[in-house]
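This is what each chain is made of:
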Amino acid sequence: MADAHKLEILRGLIKFKSNTQKIWGVLILLSIVTAIEVVLGIYKPEALEGKIIGMKILNWIFIILTIVKAYYITWDFMHMRDETKGLRRAVVWTGVFLICYLVFILLQEGGYIQGVYQNGFITRDF
C-alpha cells in the first residue's frame, strides 16, 4: 500500500524516492511557512499595514499561509490525495466554505465592535 502513495509535493515540482523523504519534505515545507509567519508577526513590516477589504494586508497573509498549511497537512499527512474525487471535494469544499464564512463573520462583528468603541453608542439594534 505504501507504493500507492504519490511521492511528490507542490504539484510535482519536488519528487521524493520514499515515503520517509516525503514526510521530511512536507515537514520542511510547513516549517518554512511557519517561519515566514513568525518573522512577519515579529517584525510587522510597515508596507503591509495597508488595508484590503477592511483588514490589514498582514492579516490576509496570515490567513492565506494558515490555509496553505492546513491544505498540506490534510493533503499529505491525512492522505486525501489518495482518496476518491468525491470525498476530496466534500472535505475540501466544506472547509473552504466554513473558512470563508468565519472570515465574513469576523469582519462583520469586528467592524460593529469597532464602531461601538469609536462612536460610544450602538449603531444597529438587532
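All figures in this text were calculated on a predicted structure; none of them were measured in a lab.

Draft legend 1. Region of the structure containing the overall build of the protein. Secondary structure summary: the protein contains three helices and four strands in total. The buried share of the protein, reckoned over its 126 residues, is 19%. Pairs at least 24 residues apart make up 40% of the contacts formed inside the protein by residues separated by at least 6 positions. Working note: accessible area of the protein is about 9,600 Å², and carbon and sulfur atoms make up 68% of it.

Draft legend 2. View of the packing of helix 1 (residues 19-43) against helix 2 (residues 57-77). Where helix 1 meets helix 2, the closest approach of the two axes is 10 Å, and the angle between their N-to-C directions is 165°. Here helix 1 is positioned roughly antiparallel relative to helix 2, judged by the angle of their axes. Relative to helix 2, helix 1 is oriented so that their crossing is left-handed. Here Lys22, Ile23, Val26, Leu29, Leu30, Val33, Thr34, Ile36, Glu37, Leu40 and Gly41 of helix 1 lie close against helix 2, whose contacting residues are Leu58, Ile61, Phe62, Leu65, Thr66, Lys69, Tyr72, Ile73, Asp76 and Phe77. A breakdown of the residues in the contact of helix 1 with helix 2 according to their chemical character gives 14 nonpolar, three polar and four charged.

Draft legend 3. Molecular detail of the UniProt feature "transmembrane region" (unreviewed entry) in the protein. The positions that UniProt labels "transmembrane region" (unreviewed entry) are, in the present scheme, residues 23-45, 57-78 and 90-107. End C-alpha to end C-alpha, residues 57-78 measures 31 Å, and it is 95% helix and 0% strand.

Draft legend 4. Representation of the packing of aromatic side chains. Tallied over the full model, the rule gives three aromatic pairs. Ring centres of Tyr71 and Tyr72 lie 5.1 Å apart, and the angle between their planes is 85°; this geometry places the pair in the edge-to-face category. Judged by its relative accessible area of 32%, Tyr71 falls in the partly exposed class. Seen in terms of ring centroids, Tyr71 and Trp75 are 5.6 Å apart; in terms of plane orientation they differ by 15°. Their pairing is stacked. Separated by four residues within a single helix, Tyr71 and Trp75 lie in helix 2, roughly one turn from each other.

Draft legend 5. Up close: the packing of helix 2 against helix 3 (residues 85-119). Where helix 2 contacts helix 3, the axes come no closer than 12 Å and their chain directions differ by 160°. Overall, the two elements helix 2 and helix 3 adopt an arrangement that is roughly antiparallel. Crossing hand, helix 2 versus helix 3: right-handed. Here helix 2 contributes Trp60, Ile63, Ile67 and Trp75 to the contact with helix 3, which in turn contributes Arg88, Ile99, Val103 and Leu107. Looking at the contact of helix 2 with helix 3 residue by residue, the class counts come to seven nonpolar, no polar and one charged.

Each value, and the rule that gives it
Residues numbered from 1 in each chain as written. Predicted model: local features only at pLDDT ≥ 70, side-chain atom pairs only at ≥ 80, totals over all residues. Heavy atoms only, no water. Helix = DSSP H or I, 4+ residues; strand = E, 2+ residues; numbered from the N terminus. Buried < 20%, exposed > 50% of the residue type's maximum accessible area, 1.4 Å probe, protein only. Contact = heavy atoms within 4.5 Å. Areas by Shrake-Rupley, 256 points an atom, 1.4 Å probe, with all protein chains shown as cover. Axes fitted to C-alpha atoms, helices over the stretch in contact; angles between N-to-C directions. Parallel < 35°, antiparallel > 145°, perpendicular 65-115°, else oblique. Left-handed = near helix turned anticlockwise from the far one by under 90°. Nonpolar A, V, L, I, M, F, W, Y, C, P; charged D, E, K, R; others polar. UniProt positions renumbered as here; feature names shortened; annotations may be inferred. Phe/Tyr/Trp six-rings, centres within 6.5 Å; stacked < 30°, edge-to-face > 60°.

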